[in-house]
Each structure stands twice: as structure tokens, then as C-alpha cells.
Amino acid sequence: MQLQSLIMSRYLRKNIAGIAGYIPGEQPQDSGFIKLNTNENPYPPSPRVLSALRKAAAHSLRLYPEPLSDSLRSLAAARYGLRSENVIAGNGSDELLSILVRCFVGRGERVVYPVPTYTLYDTLISIQEGEKVGVDYPPDFSLPGALFSQKAALTLLCNPNSPSGTLVSVREIEGLARSVSGVLVVDEAYIDFAEGEGASSLPLVKNFPNLVVLHSFSKSFSLAGMRIGLGFANEEIIADMMKVKDSYNVNRLSLVAGMAALQDLPWMMRNVSRIQRSRGKLTRGLKKIGFQVYRSHANFVMARKEGQNLRGLYQELKRRKILVRYFDLPGLRDSLRISVGTPQEIAALLRELESIQTVL
Ligand SMILES: Cc1ncc(COP(=O)(O)O)c(C=O)c1O
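Computed from a predicted structure; not experimentally measured.

Rules used in this analysis
All residue numbers here refer to positions counted from 1 along the written sequence of the relevant chain. Confidence filtering applies because this is a predicted model: local features only for residues at pLDDT of at least 70, side-chain atom pairs given and counted only at 80 or more, and all residues used for totals across whole chains, interfaces and linings. By definition, a residue lies near a molecule or strand when the C-beta atom built from its backbone is within 6 Å of it. The nonpolar class holds Ala, Val, Leu, Ile, Met, Phe, Trp, Tyr, Cys and Pro. Asp, Glu, Lys and Arg form the charged class, and all remaining residues, Gly among them, are polar. Labels follow the DSSP assignment, with helices taken as runs of H or I lasting at least four residues and strands as runs of E lasting at least two, numbered in each case from the N terminus. Any residue whose C-beta has 12 or fewer other C-beta atoms within 10 Å is treated as exposed, any with 20 or more as buried, and any in between as partly exposed, C-beta atoms being built from the backbone. Two strands make a pair as long as DSSP finds a minimum of two bridges between them. Crossovers are marked right-handed if the path from the first strand over the helix to the second runs clockwise, as seen with the strands pointing away from the viewer.

Let's shift gears to the site of the ligand. Surveying the vicinity of the ligand reveals 13 residues, the closest of which are G92, S93, D94, S216 and S218. Taken together, the residues that form the shell around the ligand break down as four nonpolar, seven polar and two charged.

As C-alpha cells, this is what we get:
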């Protein structure tokens, strides 16, 4: 089903009438698909999450949840060596992005971000009537130098980036935090999948009063369906964000699920290792059949056939019951973003790709 339509009321604000709205990846109702299009984790969450949810669902649902998600905040603060005042919980990290744009971007104010990246940023800025300033990534997806010299109310950096999966170093982000004029948001939805230690910018939060780091429970913790995100920043920025959020923005069950997930980090890390291994296999398999593949630090890879429009390939895979992500956007039409599924799913994808290539 198409989520957006041309139907709108005459009362709608003009700036919203003019935008298409964010289009999420398809969630087919029919279960016969191999779903490699929305970067969900192919493995289930910790059994501790399920048992905590069962207990929580058995009572207390008639009561509102904690308004500030204090239990989850203090647990997360302890894990990352921060204080609760440095943490905010959200209904997914998408909600935290929305809160940030509403907090810091007024009409006509500039929001700068390297492109291509997560397209929700465009939608949120347009709703807020901010000015979108996309700075092109160079072909290797290293941090564009032009980002450093921009005046902006907000600078957004998706790290690892979607759809490229590429990673920028903490040292470079430190330099960026030092040089930008406004708030710098580092969207680390995929950071747990990064190769090597110390990829996260979270430790910088203590030193930079203008830095916000966002985490998501949707990817590494396998909890996309629960909608839980965390924001980390200086306590003044967190206080700003608290003013803008809904009163009870994280529901009781999500709070319980988030806490149980944080209490079973080995489970998450085991799943991450499996996905990293599969990512290597997927990358090698795609290269073998002629795709250019960027080195990914996320739970997806970007596969490219330079100059070829891959819409037909995407459609053919869909016909064969495999969903991947095709972005009908400048610079991305020759690429597919493919989530790292189970080894069986990856083998099926590579098999179909090979057979399509011989047909074409
Ligand atoms: C770059 C990026 N940031 C944030 C999100 C949103 O995550 P959440 O499910 O926590 O709202 C996504 C989801 O796909 C994403 O790709």
C-alpha cells in the first residue's frame, strides 16, 4: 500500500502540501518475502525482553508510563558512563530527530548535512520550514570538507551513513563539533555494527556542549517493533528536548523492553557478530557477480552498478519475493541497499541475482 496520496485538505500548511512525506520501506503483509529492505535484525531480541514484556503486560497497563523514562535513562547512563541528565528516551530515534529539528530549527534556518543520507531528514526540515543544505559526499563517502565551513542551526551526520554504510572517524567528528556554529547531531542508529572498537562519538558528549548522539534499539537490539531510541547530550540540550517531547513519549512496554535489552548486552553482541560475518559473505558474493560494494559498517550494504538504473533489478527481485531498497533519487538509481539477512537469505539473494544476470 502506498502511504502517501495526492489527497489533502485545503487547510494544510503550504510547506507540508508541497512535500511528498517520508516513504518508509515496504512492510508486506504476505509473509512469503525475504525482507532485506528496512535493515531489521534477522535474529530475535533477547529472551529476557520477551519475559519482561509478558510480566509487564500482565499488569499496570491502565497506568501511564514514567513521563521521563527515568529507569531506562539511568540504566543507559550507567552503561555509557554518563549521568541521567545526559540522556533522553524517544519513541524510536526518529522521534528524537523530530524533537531536535523542532527544538533548534526555525523558519528559514539552515540545516546542513552530507548527502545522500537518511531521507527522513529532508521531511522533518521541510515540515519545520527550515532550509535544507545538502553537501555532496565525495565518491568515497569521506566527510566533505565543505561541511566544516557552513553556518547552520543544525548539522546532521548519519554515522555509519545510510545508504552507503560508510563510517567517519571519531577524530573527524570531534573536528566537526569544534567547527560548526550550531548543534551537531550524530545519528548512530547502526553504530553497533561498526568494525573495530571506539567507533562511537558518544564519549565526545562530555566535552562538546553542542553535540547530540542518537542510538536506536531497532537494529542491533532487534526491537524495531517496540520503537525505542536514546539521545545523549549535554544536560542543557537534553532539558531543551524534554520541553518539546510528548508527555508520555515512550510507552510502558517499550520501556520494559529497552531495559531488558540493555541488561543482556552479550545477546545483542552475539547477533552483531553473526551479522558482521554475513555482511562479509554478502559483500564478497556481490563483488563476485560484478557489483561495486562500499565497505559497510552497518547491517546493510550498498551495491552499485555505476551508471545503470537498477530499478528493473529491484522489481525483478521483488517478483521473485526478495525485497531490497531502491531509492529513486539522484545519485542512487544505480545502487541497491541490501540488509544483511540470515546466511540462508543471503544465499537465496545471491542465487537469484546470478540467475537474473544470466537472463538479462
Ligand atoms: C539512519 C537512521 N536513523 C534513524 C533511524 C530510525 O530508527 P528508529 O527505528 O529508532 O526510529 C533509521 C531507521 O531506519 C535510520 O536508518
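Okay, unusual backbone geometry next. Of the consecutive residues N159 and P160, the connecting peptide bond is found in the cis state with omega at -5°. You can see P160 is positioned in the loop between β5 (154-158) and α6 (170-179). Notably, E129 is not glycine yet its phi reads approximately 60°, a positive angle. Inspection of the secondary structure puts E129 in the loop between α5 (120-127) and β4 (131-136). Under the C-beta neighbour-count criterion, E129 is labelled partly exposed, with 15 such atoms within 10 Å. The backbone phi angle of S222 is positive, close to 60°, even though this residue is not glycine. Locating S222 in the fold gives a position in the loop between β7 (211-216) and β8 (229-233). The buried category is assigned to S222, around which 21 C-beta atoms lie within 10 Å.

Look at any regular strand and the pattern is simple: side chains alternate between the two faces of the sheet. Most of β5 sits inside the fold, with five of its five residues counted as buried. A two-sided burial pattern is seen for β5, the buried positions comprising L154, L156 and C158 on one face and T155 and L157 on the other. Where strand β3 (residues 110-115) meets β5, two bridges bridge the pair, whose relative direction is parallel. When the sheet's bridge partners are listed, V112 is paired in β5 with T155. In terms of strand pairing, β5 meets strand β6 (residues 183-187) through five bridges, oriented parallel. The residue of β6 that forms the bridge with L156 is V185. Between β5 and its parallel partner β6, the chain crosses via α6, and the hand of that crossover is right-handed.

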